[in-house]
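Observations on the three-dimensional arrangement
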Amino acid sequence: CFGRLTPASVGKDSTTGHWELMGCAVERPFATYPDGFPEEIVSAFESAAGVRVLGNTAASGTQIIAELGGRHLQSRRPILYTSQDSVFQIAAHKDIVPLEDLFAFCRTARLILNDYNVARVIARPFEGEVGGFYRTSERRDFSMVAPGKTVLDGLETAGEKVLTIGKIDDLFSGRGITRAVHTRDNREGMKATLDALQEENWSFVFTNLVDFDTMWGHRNDARAYALGLEEFDSYLVDLMKTLDEGSLLIITSDHGNDPTTASTGHSREYVPLIAYCSGMTRGTNLGTRRTLSDVGRTIVDNFEIGGSFPGESFLQAVDGARG
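Summary of the structure given here. Since the structure is predicted, the reported quantities are computational estimates derived from the model, not experimental observations.

Calculation criteria
Residues numbered from 1 in each chain as written. Predicted model: local features only at pLDDT ≥ 70, side-chain atom pairs only at ≥ 80, totals over all residues. Heavy atoms only, no water. Helix = DSSP H or I, 4+ residues; strand = E, 2+ residues; numbered from the N terminus. Buried < 20%, exposed > 50% of the residue type's maximum accessible area, 1.4 Å probe, protein only. Contact = heavy atoms within 4.5 Å. Areas by Shrake-Rupley, 256 points an atom, 1.4 Å probe, with all protein chains shown as cover. Lys, Arg positive; Asp, Glu negative; His and termini not counted. Charge placed at Lys NZ, Arg CZ, Asp CG, Glu CD. Pairing = 2+ DSSP bridges. Axes fitted to C-alpha atoms, helices over the stretch in contact; angles between N-to-C directions. Core = buried A, V, L, I, M, F, W, Y, C linked by side-chain atoms within 4.5 Å. Right-handed = clockwise from strand over helix to strand, strands pointing away. Salt bridge = Lys/Arg side-chain N within 4 Å of Asp/Glu carboxyl O. Expected span 1.5 Å × (residues − 1). Phe/Tyr/Trp six-rings, centres within 6.5 Å; stacked < 30°, edge-to-face > 60°. Lys NZ or Arg CZ within 6 Å of the ring centre and 35° of its normal.

Quick look at the overall build of the protein chain now. Secondary structure summary: the protein chain contains 11 helices and 13 strands in total. Each of the three principal axes of the protein chain carries a C-alpha extent, and together these read 65 × 40 × 35 Å. Residues classed as buried in the protein chain amount to 49% of the 323 residues present. Of the contacts formed within the protein chain by residues at least 6 apart in sequence, a portion of 64% connects residues at least 24 apart. Carbon and sulfur atoms provide 48% of the accessible area of the protein chain, an area that totals close to 15000 Å². Seen as two clouds, the 32 positive and the 44 negative side-chain charges of the protein chain have centres 2 Å apart.

Written as C-alpha cells, this is what we have:
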C-alpha cells in the first residue's frame, strides 16, 4: 500500500518529525539561531561546563571542523556551531576531548537549553589531522522531552516490548523504549532490524536509517543517495521474507532532505508512506494524508492499545489488501 504524508507540525527536523509520527505534533516552533547563540547562552554553558568554546556560528559540520579543527587541537576548546535547525552542536577531536567528556558537555548544555526551547544538543566527535579531519560514528543526540504522550508511551503502558534502532531513543529521551540499539550506518541498522525480527520477542521495532540524511541528503550527494536506495531495496527482499503472517511493515520518513537542491538542509515536503504485510494480493493507494501521526494512529489500532492519539488509521485499508 502506498501514499504520502503531509507534515502538520511547525518545523522540519528529526525531533519534530519523529514526535509527529508517534502522535505528538509540535505546535510551538523550536528556537533557531542562524547568527549563532546569544552571549547569555554561551556564557551559561561555558560557566557550567568549565570550558571556553570556539566558533558559535551556523555552519556545515564538515566545514567547521576543517576551518577550526587546527585551533581546537592547539587550544583544546570544543567547537560550537548550529544550523538552520534547532540544534546546539559540540564538535571535539577524540584525542583532545574523550567521548564521555563530550557527552557530559552535551548533558550540561541540555539542562541549560530546555529553558530556551532548543530541540537537540548533538555531540559531534571527530578524528584525523589538519587537512584530513573526519567525523566518527559516535554521534549522540540529546533531545528535549516530548511535551505530550506518544505512541511509544502507550505501547509501554500496554506491556508491549519496544526496540529502537539508530538514534530514536535519543529523540524520545528513552521514554517508552524497552531496549535501544545504536548503529553507525544504514547497513548496521538494516542488519539489526533483521536480527530483531528473528529474535521474535519484540512487539514493535522502530528503525532509523540515518545515512539518507547525514551522509547523502545534507551533502547533496544524489548519486550516493540513489545507490543507498538500491541497497535498501535489496535488503527489503530479506526483510519481507522474515515477516511473519501477523506483522505489519511501514516505511516512511521524518522529513525531507532533497539531495538535488542547492540547500544542504532539511526540506519541508511530503514524505513517502509504504505499508506491507504478508498475504497482500493487490496494492492500495492510501492517498495524500494530513499528518505524519497517521502512522502512530495505525500502530495504536494494530495493537489495540487505546488512548487518545491524533491521526487517522490506515490499518483497515492495509487489511483489505490481503488475499
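So, on to the pairing of strand E4 (residues 87–93). Most of E4 sits out of view: seven of its seven residues are buried. Burial along E4 is two-sided: Val87, Gln89, Ala91 and His93 and Phe88, Ile90 and Ala92, pointing in opposite directions, are all buried. In this sheet, E4 lies alongside strand E3 (residues 79–82) in antiparallel orientation, the contact comprising three bridges. Counted as the bridge partner of Ile79 is Ala91 from E4.

Consider a sheet: its strands pair through backbone hydrogen bonds, and that pairing is either parallel or antiparallel. Spatially, four strands are ordered E11-E12-E1-E13 in an open sheet, and the strand pairing comes out mixed. In this open sheet, the two edge strands, each paired with only one partner strand, are strand E11 (249–251) and strand E13 (285–289). The average angle at which neighbouring strand axes cross in this sheet is 20 degrees, direction not considered. As paired strands, strand E1 (residues 2–5) and strand E12 (residues 271–276) are joined by four bridges and run antiparallel to one another. Residue Phe2 lies in a different strand from E12, and its bridge partner there is Ile274. Set on the sheet, helix H9 (residues 222–242) makes contact with E11 and E12; between it and E11 the angle comes to about 165 degrees.

The next thing to look at is the nonpolar core. One finds Trp19, Met22, Leu152, Leu155, Phe172, Phe204 and Val295 to be the most contacted residues of the largest nonpolar core, which totals 35 residues. If we skip the residues at most four places from it in the chain, Val295 touches Leu5, Leu21, Met22, Ile250, Thr252, Leu273 and Phe314. Listed in part, the 25 residues of the second largest apolar core include Phe45, Ile90, Ile112 and Leu113.

For strand E2 (residues 54–58) and E3, the ladder comprises four bridges, and the chain directions are parallel. If you follow Thr57 over to E3, its bridge partner there is Tyr81. Handedness of the β-α-β unit built from E2, helix H3 (residues 61–75) and E3 comes out right-handed.

Below, the discussion takes up the pattern of salt bridges. Here the structure, examined in full by the defined rule, presents 12 salt bridges. Among the ionic pairs, Arg140 bridges to Asp170, the shortest N-O distance being 3.4 Å. Residue Arg140 is found in strand E7 (residues 140–143), and its partner Asp170 is found in helix H6 (residues 168–171); the two are separated by 30 residues along the sequence. By relative accessible area, which is 22% here, Arg140 ends up partly exposed. Judged by its relative accessible area of 5%, Asp170 falls in the buried class. Across the pair Arg289 and Asp294 runs a salt bridge whose closest N-O atoms are separated by 2.7 Å. For Arg289, a relative accessible area of 12% puts it in the buried group. The class for Asp294 is buried, based on a relative accessible area of 4%.

On to helix H4 (residues 99–113), then. Taking 1.5 Å of rise per residue, 15 residues should cover 21 Å, and H4 covers 21 Å from first to last C-alpha, within 8% of that figure. Buried within H4 we find Leu102, Phe103, Phe105, Cys106, Ala109, Arg110, Ile112 and Leu113. Tucked inside the fold, the buried residues of H4 contact helix H2 (39–49), E4, strand E5 (120–127) and E7.

This brings us to the packing of aromatic side chains. Under the counting rule described, the total for this entry stands at 14 aromatic pairs. Arranged with centres 5.5 Å apart and planes meeting at 70 degrees, the rings of Phe45 and Phe88 form a pair that is edge-to-face. Pair noted here: Phe45 is in helix H2 and Phe88 is in strand E4, with a separation of 43 residues, a long-range link. Each member of the pair, Phe45 together with Phe88, is buried. An aromatic cluster is present here, built from Tyr33, Phe37, Phe45, Phe88 and Phe105 joined pairwise through their rings. Sitting over the face of the ring of Tyr270, Arg4 holds its NZ or CZ atom 3.8 Å from the ring centroid. Above the ring of Phe103, the side-chain terminus of Arg140 is found at 5.5 Å from the ring centroid.

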